[in-house]
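Chains, contacts and geometry: an overview
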Amino acid sequence: TSYEVYKKRNQEIREIFDSIGQDKNLIRIGPDQMLCNSYVVDRCVTQIAGAPLYFDDDHLSHLGAKLIADEVAKHIGSEAQGTYAGHHAGIQPAGT
């Protein structure tokens, strides 16, 4: 999927979230941070090594949800413990 198409499709909800404003206790995590413009430039991936990241058009699969949950845990863990013991399902973006 094109990253530009993704951004246009999600523009309204992003504007709603952005209207919340900034707060030192607010950490914004969007699926595009992990799935778009990382594995493939200017694209949002729907699978990694043949494993699907989406269950259907809009809902993440177990693996897709794990990628997002790991990112959330990273921020919670860094705040609570100063370290992060999780990983992104053992899958790394290209070039890392």
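Placed above this text is the structure.
Predicted, not measured: the structure shown is a model, and the values here were computed from it.

**Side note on the nonpolar core**
Counting nine residues, the largest nonpolar core consists of Met34, Leu35, Tyr39, Val45, Ile48, Leu53, Leu63, Leu67 and Ile68. Contributing elements (two or more residues each) for this core: helix H3 (31–35) and helix H4 (62–80). With three residues, the top contributor of residues to this core is H4.

**Topic: the packing of aromatic side chains**
The final tally for this structure, using the stated rule, is one aromatic pair. Over the ring of Tyr3 we find Lys7, and its NZ or CZ is 4.6 Å from the ring centre.

**Thoughts on the state of the cysteines**
In this structure the tally under the stated criterion is one disulfide. In this model, Cys36 is linked to Cys44 through a disulfide, with the two sulfur atoms separated by 2.0 Å. Disulfide Cys36-Cys44: torsion about the S-S bond near 110 degrees, hence right-handed. We classify Cys36 as buried; its relative accessible area is 6%. Its relative accessible area of 8% is what places Cys44 among the buried residues.

**Quick notes on the pattern of salt bridges**
Applying the stated rule across the entire model yields six salt bridges. Between Arg28 and Asp18 there is a salt bridge, with the nearest N and O atoms lying 3.7 Å from each other. Taken together, the residues Arg28 in the loop between helix H2 (11–18) and H3 and Asp18 in helix H2 connect sequence positions ten residues apart. Across the pair Glu71 and Lys74 runs a salt bridge, and its minimum N-O distance is 3.7 Å. Of the two residues, Glu71 and Lys74 are both situated in helix H4; the distance of three residues between them amounts to about one turn of the helix. Among the residues examined, Glu71 registers a relative accessible area of 11% and is labelled buried. The class of Lys74 is partly exposed, set by a relative accessible area of 33%.

**Examining the environment of Arg43**
Position of Arg43 relative to the elements: it lies in the loop between H3 and strand S1 (47–48). You can call Arg43 partly exposed: its relative accessible area is 39%. Residues Arg43 and Thr1 lie 42 residues apart in sequence; the distance between their C-alpha atoms is 5.5 Å. In contact with Arg43, other than residues within four places in its own chain, are Thr1, Ser2, Tyr3, Leu35, Cys36 and Asn37.

**With respect to a nonpolar patch on the surface**
Together, Ile13, Ile16, Phe17, Ile20 and Leu26 give the surface a local cluster of nonpolar side chains, amounting to about 450 Å² of exposed area. Turning to its location among the elements, Ile20 is positioned in the loop between H2 and H3.

The rules we used
Residues numbered from 1 in each chain as written. Predicted model: local features only at pLDDT ≥ 70, side-chain atom pairs only at ≥ 80, totals over all residues. Heavy atoms only, no water. Core = buried A, V, L, I, M, F, W, Y, C linked by side-chain atoms within 4.5 Å. Buried < 20%, exposed > 50% of the residue type's maximum accessible area, 1.4 Å probe, protein only. Helix = DSSP H or I, 4+ residues; strand = E, 2+ residues; numbered from the N terminus. Phe/Tyr/Trp six-rings, centres within 6.5 Å; stacked < 30°, edge-to-face > 60°. Lys NZ or Arg CZ within 6 Å of the ring centre and 35° of its normal. Disulfide = S-S within 2.5 Å. Salt bridge = Lys/Arg side-chain N within 4 Å of Asp/Glu carboxyl O. Contact = heavy atoms within 4.5 Å. Patch = residues over 30% accessible without salt bridge, like charges linked within 9 Å, V, L, I, M, F, W, Y side chains within 5 Å. Areas by Shrake-Rupley, 256 points an atom, 1.4 Å probe, with all protein chains shown as cover.

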